[in-house]
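# Structural description and commentary
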Amino acid sequence: MGGAAGHMAHLHENIWLTFGEIKSFLTKVASADLSPIEKVDGQNIFFRWTPEGIRTARNMSDIKKGGMTVDEHKAKFEGHPAEAPFVQGLETIVDAMKAASQGDLEAAFSTGQPETYRFVNCEIMFPANP
């Protein structure tokens, strides 16, 4: 993942794994004793719901300010090579949030603390832009 999430950590970057856990994992890989999971890659976006509308973030500056409005998001990606995925992906997110109840959205996105935000990190999968 990129954007505000930073890069996806590699096995050797997990400082909480013991040597034995790494050895066990690599042994399972070498003996094909793991079920593979395909890593998908799309356009990374963070979003949050507010009573005023959806807000998005692509970097830490966006998150600190509470995110971009839908109009700001669309303007940011106007003319960008990934404009279609980012704009159509946001429109899908907006439509999905409209299907949820106000109570569910408040429960999911409210932090209970002023000037703090709860964002959802997701990948926009767009077959026309693999």
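Quick summary incoming for the structure in this document.

### Topic: the side chain of His73
By the element assignment, His73 lies in helix α3 (residues 70-77). A relative accessible area of 0% means that His73 is categorised as buried. Apart from the residues lying within four places of it in its own chain, the contact partners of His73 are Ile45, Thr56, Met68, Phe86, Val87 and Leu90.

### So, the environment of Ser110
Here Ser110 is to be found in the loop between α5 (102-109) and β3 (120-124). A relative accessible area of 39% means that Ser110 is categorised as partly exposed. The spacing of Ser110 and Val29 is 81 residues in sequence and 41 Å in space, taken between C-alpha atoms. Ignoring sequence-local partners within four residues, the contact set of Ser110 consists of Leu105 and Arg118. One polar contact links the side chain of Ser110 to the main-chain carbonyl oxygen of Glu106, over a distance of 2.8 Å.

### Here's the deal with a nonpolar patch on the surface
A cluster of nonpolar side chains, contributed by Leu11, Phe25, Leu26, Val29 and Leu34, occupies part of the molecular surface with about 400 Å² of accessible area. Secondary-structure assignment places Phe25 in helix α1 (residues 19-30).

### So, the pattern of salt bridges
Two side chains bearing opposite charge may form a pair once their charged atoms approach each other closely. Across all of its chains, the model carries one salt bridge by this definition. The partner of Glu91 in a salt bridge is Lys74, with the nearest N and O atoms 3.6 Å apart. One end of the pair, Glu91, is in helix α4 (residues 83-99); the other, Lys74, is in helix α3, and 17 residues separate them in sequence. For Glu91, a relative accessible area of 35% gives the class partly exposed. Classification of Lys74 by relative accessible area gives partly exposed; the value is 30%.

### Looking at unusual backbone geometry
Of note, Ala32 is a non-glycine position whose phi angle comes to about 55 degrees, a positive value. Here Ala32 lies in the loop between α1 and β1 (43-50). The exposed category is assigned to Ala32, whose relative accessible area is 66%. Even without a glycine there, the phi angle at Glu115 is positive, about 60 degrees.

### Quick look at the sheet that holds strand β2 (residues 53-57)
In space, the three strands of this open sheet follow the order β2-β1-β3, with antiparallel pairing throughout. Pairing within the sheet leaves two strands with one partner each, and these edge strands are β2 and β3. Taking the axes of each pair of neighbouring strands and ignoring which way they run, one obtains an average angle of 40 degrees across the sheet. Against the sheet, α5 makes contact with β1 and β3, and its axis sits at roughly 115 degrees relative to β1, the strand it touches most.

### Things to note about the nonpolar core
Membership of the largest hydrophobic core comes to 14 residues, with the highest contact counts inside it found for Phe47, Ile54, Ile93, Met97 and Phe109. The set of elements that each furnish at least two residues to this core consists of β1, α4 and α5. Take this core: its biggest share by element is five residues, from α4. Those residues in contact with Ile93 that lie beyond four places of it in its chain are Ile45, Phe47, Ile54 and Cys122. By size, the runner-up hydrophobic cluster in this structure holds five residues, among which are Ala4, Ala57, Ile63 and Phe119.

Basis of the calculations
- Each chain carries its own residue numbering, running from 1 in the written order of its sequence.
- In keeping with the predicted nature of the model, local features appear solely for residues at pLDDT of at least 70, side-chain atom pairs appear and are counted solely at 80 or more, and the whole-chain, interface and lining totals rest on all residues.
- To obtain the side-chain values, all non-hydrogen atoms of the structure were included, while hydrogens and water were left out.
- In this text, helices come from DSSP runs of H or I with a minimum length of four residues, and strands from runs of E with a minimum of two, each type numbered from the N-terminal end.
- Whether a residue is buried, partly exposed or exposed follows from its accessible area with a 1.4 Å probe, protein chains only, as a fraction of its type maximum: under 20%, in between, or over 50%, in that order.
- In this description, contact between two residues means that some pair of their heavy atoms is separated by no more than 4.5 Å.
- Whenever a nitrogen or oxygen atom comes within 3.5 Å of another N or O atom, the pair is scored as a polar contact, on the condition that within protein one atom can donate a hydrogen and the other can accept it, and that pairs from neighbouring residues in sequence are kept only if both atoms are in side chains.
- Each patch is built from salt-bridge-free residues with over 30% relative accessible area, joining like charges within 9 Å and nonpolar side chains (Val, Leu, Ile, Met, Phe, Trp, Tyr) within 5 Å.
- Note on areas: Shrake-Rupley, 1.4 Å probe, and residue coverage restricted to the protein chains presented here.
- In what follows, salt bridge is the name for a side-chain nitrogen of Lys or Arg lying within 4 Å of a carboxyl oxygen of Asp or Glu.
- Pairing between strands is defined by DSSP: at least two bridges between them are needed.
- All axes here are fitted lines through C-alpha atoms, helices being fitted over the stretch that makes contact, and every angle between N-to-C directions spans 0 to 180 degrees.
- As used in this record, nonpolar core signifies buried Ala, Val, Leu, Ile, Met, Phe, Trp, Tyr and Cys residues forming a set joined through side-chain atoms within 4.5 Å.

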